[in-house]
Amino acid sequence: MSDSATQQRSVQQDIANRRTFAIISHPDAGKTTITEKLILLGQLIQVAGTVKGKKHDKSATSDWMSLEKERGISVTSSVMQFPYKGRTVNLLDTPGHEDFSEDTYRTLTAVDSALMVIDGAKGVEDRTIKLMNVCRLRDTPIIGFVNKMDRDIRDPIELLDEIEEVLGIAAAPINWPVGMGSEFKGVYNLYTDTIHVFKPGKGSVVAEDIRIDGLDSDEAKALLGDEYDDFIDEIELVKGASHEFSLEDYLAGQQTPVFFGTALANFGVREMLDDFVEWAPPPLNRETEQRVVDAKEEAFSGFVFKIQANMDPRHRDRIAFMRICSGTYRKGMKMRHVRLGKDVKIADAVSFLAGDRELVEEAVSGDIIGLHNHGTIQIGDTFTEGEEFRFTGIPHFAPELFRRIRLKDPMKSKALQKGLQQLSEEGSTQVFMPQNNSDLIVGAVGVLQFDVVAYRLKDEYKVDAIYEPVNVYTARWVSCDDPKAFEQFKRKCADNLAIDGGGYLTYLAPTRVNLSLTEERHPEVVFRSTREH
Ligand code: GDP
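Since we're looking at a predicted model, the values are computed, not measured.

Time to look at the sheet that holds strand S8 (residues 175–178). Strands in a sheet are paired, the pairing made by backbone hydrogen bonds, and the direction either parallel or antiparallel. Strand order in this open sheet of 4 strands is S8-S9-S10-S11, and the pairing throughout is antiparallel. At either margin of the open sheet sits one strand with a lone partner, and together these are S8 and strand S11 (211–213). The average undirected angle you get between the axes of adjacent strands in this sheet is 25°. In the packing of helix H8 (residues 228–241) onto the sheet, contacts are made with S8 and strand S9 (186–189), and the angle to S8 comes to roughly 155°.

This is how it looks when you write it as structure tokens:
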């Protein structure tokens, strides 16, 4: 075999071994805790961005992140890579605060599967439902982890029912808890007939793996004591009443295998991870406007799903996070920036090792790399090795909150425009410029976004801006196949039309009723609550 053929085969192997995923959960369910345990299990090799809670790590925090610290929140997506059992796992962290859900949604477009963490005492909560709906758009395969078994949680059978009913996905328990709270003794794997025995107080180290083979063994009887017969009955019931695990259904996003454990005590996480790396899909093929791109194609391609400003005060720039969708990034390679129709040589893509930036020599399909962005890269941008195609499915969501933004010093209007333009390209906020007046309207998904925007305008663009209420209920991106009908619509609704930061026409509705009436009156016009590119 020739050298290049050998090399190509090993790249194929690298790609097949990639597992790129994100965690979806409601705040406080245990995402940060489980992330720490996963890293511990995988002996972290790379950290991009900052991990929440690592307060001592100052090197990768930027000025405006002091705002995050003040509020005790993390708005920073991070990317972590670690090896596990011959696989390379890429974990994309998502901002925990609900105000940054747009970023979270877009991060979900860059993964191939997800891990859903549920607080066993609380069951399926709000944010999980929302994030699950985003996963469903692409049938993302999801593994479930019911956390906090060391507490008195709800009846596990009830929890499975809730997952099925509320999330509309079949649930297949892989293991079953033996007791809970102070009586938690471990988990019984329904498929291997093995009990993993729980020993409390081992959270900070990888616990010894104590197993009992066979539920009908003497050790199992000794462990369960008086509850043995009840547990046998419970297992019979669970096996009879729940779905059997099907790899095919999991990969199709129709069934979620469910594990029980406690992230805090680092128990059950390893059992989940062992199966995760086996079952979770390698980099998936991706849709573009032109054709489907196979993750194993030799030619490089990728898209930008997130832009983050000033990750490091020593480097006053912005980093564009790119998901590689095919081929290999090699340092110094030439890439085509498809939207601009320009070829760019990239020799300084980065990953982050223990808080410091590292130049990436090579990265393959499924990996995330950071590109330096000097204002030319936007969320959703596609990069290729020359071919003209654009990845689809990287959404902007219609904001739910709106404010008019006004300058304290009218001389700074250029700086304000520039700042807002850049912040909207990053996806930190959305800007709307009404057609019939000179207002600037800022839209957000969560109210905290407004504070971040004002803070950054001041900090980075030296602009003092104030917000005023504005009578906008929601925005819809509008388009129409019939030019005549569209012209008529534009004339009739001129006072409600605005151009957004990406140059797209939007309808700003003052009320819900106004929106439905306008939709009724203009049936030819399409009103979208999300837009791509
Ligand atoms: P996040 O908001 O989803 O990232 O949640 P965290 O990981 O920060 O956890 C929220 C709280 O739940 C913290 O106080 C954790 O210590 C606690 N916690 C996480 N996992 C467990 C668990 O397995 N058992 C118990 N008892 N507490 C847990």
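Relative to the assigned elements, His243 resides in the loop between H8 and helix H9 (247–251). By relative accessible area, which is 38% here, His243 ends up partly exposed. His243 sits 253 residues away from Asn496 along the chain, and the two C-alpha atoms are 51 Å apart. Setting aside residues up to four positions removed in sequence, His243 forms contacts with Glu164, Ala170, Ala171, Ala172, Pro173, Tyr191 and Gln255. Within polar-contact distance, the side chain of His243 engages the side chain of Glu164 at 3.0 Å.

The next thing to look at is the sheet that holds strand S30 (residues 474–480). As summarised here, the arrangement of the 8 strands in space is S29-S26-S28-S27-S31-S32-S30-S33, forming an open sheet in which the pairing is antiparallel. With partners counted over all chains shown, the strands left at the sheet margins are strand S29 (465–469) and strand S33 (525–528), one partner each. Sheet twist, expressed as the mean angle between neighbouring strand axes with direction ignored, is 40°. Relative to strand S32 (residues 505–509), S30 runs antiparallel, the two being bridged by 4 bridges. Opposite Thr474, over in S32, you have Ala509 as the bridge partner. Those strands touched by helix H13 (residues 483–492) are S30, strand S31 (497–500), S32 and S33, and its axis lies near 150° from that of S30. Relative to S32, helix H14 (residues 512–521) is tilted by about 130°, and along the sheet it contacts S30, S32 and S33.

Soluble globular proteins: nonpolar side chains tend toward being buried together. Core analysis: the largest hydrophobic core is formed by 77 residues, its most contacted members being Ile163, Tyr329, Ile369 and Leu371. Tallying contributions element by element places strand S16 (residues 318–326) first for this core, with 6 residues.

Next up on the list: the pattern of salt bridges. Two side chains bearing opposite charge may form a pair once their charged atoms approach each other closely. Overall, the coordinates contain 25 salt bridges when judged by the stated rule. One salt bridge in this structure joins Glu162 and Arg154, with 2.6 Å as the shortest N-O distance.

Our focus in this paragraph is the packing of helix H11 (residues 413–426) against helix H12 (residues 448–461). H12 packs onto H11 with a crossing angle of 120° between their chain directions and a minimal axis gap of 10 Å. Here H11 is positioned oblique relative to H12, judged by the angle of their axes. Crossing of H11 against H12: the hand is right-handed. Here Ala415, Leu416, Gly419, Leu420, Gln422, Leu423 and Glu426 of H11 come into contact with H12, specifically with Val453, Arg456, Leu457 and Tyr461. In the contact of H11 with H12, the residues fall into 7 nonpolar, 2 polar and 2 charged.

Glancing now at the pairing of S31. Pairing of strand S27 (residues 430–434) with S31, which is carried by 3 bridges, proceeds in the antiparallel orientation. Looking at the pairing, Met433 lines up with Ile499 of S31. Relative to S32, S31 is paired through 3 bridges, and the arrangement is antiparallel. The residue bridging Leu497 from the neighbouring strand is Tyr507, located in S32. In sequence, S31 turns back onto S32 through a hairpin of 4 residues, with Gly503 there showing a positive phi of about 90°.

Turning to the pairing of strand S12 (residues 255–260), a few remarks are in order. In terms of burial, S12 is a largely internal element, 6 of the 6 residues being buried. Residues Gln255, Pro257 and Phe259 line one face of S12 and the alternating positions Thr256, Val258 and Phe260 line the opposite face, and both faces are buried. The pairing of strand S6 (residues 142–147) with S12 spans 3 bridges and is parallel. If you follow Val146 over to S12, its bridge partner there is Phe260.

So, on to the packing of aromatic side chains. For any pair of aromatic rings, the description rests on two quantities: the centre-to-centre distance and the angle between the ring planes. Applying the stated criterion across every chain, the model contains 18 aromatic pairs. Ring centres of Phe245 and Trp279 lie 4.1 Å apart, and the angle between their planes is 25°; on these two criteria the pair is classed as stacked. Separated by 34 residues along the polypeptide, Phe245 in the loop between H8 and H9 and Trp279 in helix H10 (residues 269–279) bring together distant segments of the chain. Of the two residues, Phe245 and Trp279, both sit in the buried class. Aromatic ring contacts, followed pair by pair, group Phe486, Phe489, Tyr507 and Phe527 into a single cluster.

Between its first and last C-alpha, helix H5 (residues 126–137) extends 18 Å over 12 residues, near the 16 Å set by a 1.5 Å rise per residue. The complete set of buried residues in H5 reads Arg127, Thr128, Leu131, Met132, Val134 and Cys135. Considered in projection along H5, the buried side chains sweep an arc of 160° and stay on one side of the axis. Exposed and facing more than 90 degrees away from the buried side of H5 are Asp126 and Leu137. One or two positions beyond H5, positive phi appears at Asp139, with a value near 50°.

Rules behind the numbers
- Within any chain, residue numbers begin from 1 and follow the written order of that chain's sequence.
- Note on the predicted model: pLDDT of at least 70 is required for a residue's local features to be given, and 80 or more for side-chain atom pairs to be given and counted; whole-chain, interface and lining totals, by contrast, use all residues.
- Water and hydrogen atoms were dropped before computing side-chain values, which therefore reflect all heavy atoms in the structure.
- When DSSP finds at least two bridges between two strands, those strands are taken to pair.
- A run of H or I in DSSP counts as a helix once it spans at least four residues, and a run of E counts as a strand once it spans at least two, with each numbered from the N terminus.
- For helices, the fitted axis covers only the stretch in contact; all axes are lines through C-alpha atoms, and the angles between them, taken along N-to-C directions, range from 0 to 180 degrees.
- Whether two residues are in contact is decided by their heavy atoms: any pair within 4.5 Å suffices.
- Relative accessibility decides the category of a residue: with a 1.4 Å probe and only protein chains considered, values under 20% of the type maximum give buried, values over 50% give exposed, and everything between is partly exposed.
- Polar contact criterion, stated in full: a pair of N or O atoms within 3.5 Å, where within protein one must be able to donate a hydrogen and the other to accept it, and residues adjacent in sequence count only if both atoms are side-chain atoms.
- The term nonpolar core refers to a set of buried residues drawn from Ala, Val, Leu, Ile, Met, Phe, Trp, Tyr and Cys, joined through side-chain atoms within 4.5 Å.
- Just to be clear on terms, a salt bridge is a Lys or Arg side-chain nitrogen sitting within 4 Å of an Asp or Glu carboxyl oxygen.
- Our angle categories are set so that under 35 degrees counts as roughly parallel, over 145 as roughly antiparallel, 65 to 115 as roughly perpendicular, and the remainder as oblique.
- For any pair of crossing helices, the crossing counts as left-handed if the nearer helix is rotated counterclockwise from the farther one by less than a right angle, and right-handed if it is rotated clockwise.
- Polar here means any residue outside two lists: the nonpolar Ala, Val, Leu, Ile, Met, Phe, Trp, Tyr, Cys and Pro, and the charged Asp, Glu, Lys and Arg; Gly therefore counts as polar.
- Here the aromatic set is Phe, Tyr and Trp, taking the six-membered ring for Trp, and pairing holds for ring centres within 6.5 Å; pairs whose planes are under 30 degrees apart are stacked, those over 60 apart are edge-to-face, and all others are tilted.
- Every helix has an expected span of 1.5 Å times one less than the residues it contains.
- The arc refers to the directions leading from the helix axis to the C-beta atoms.

The quantities given are spatial measurements derived from coordinates; they are silent on function.
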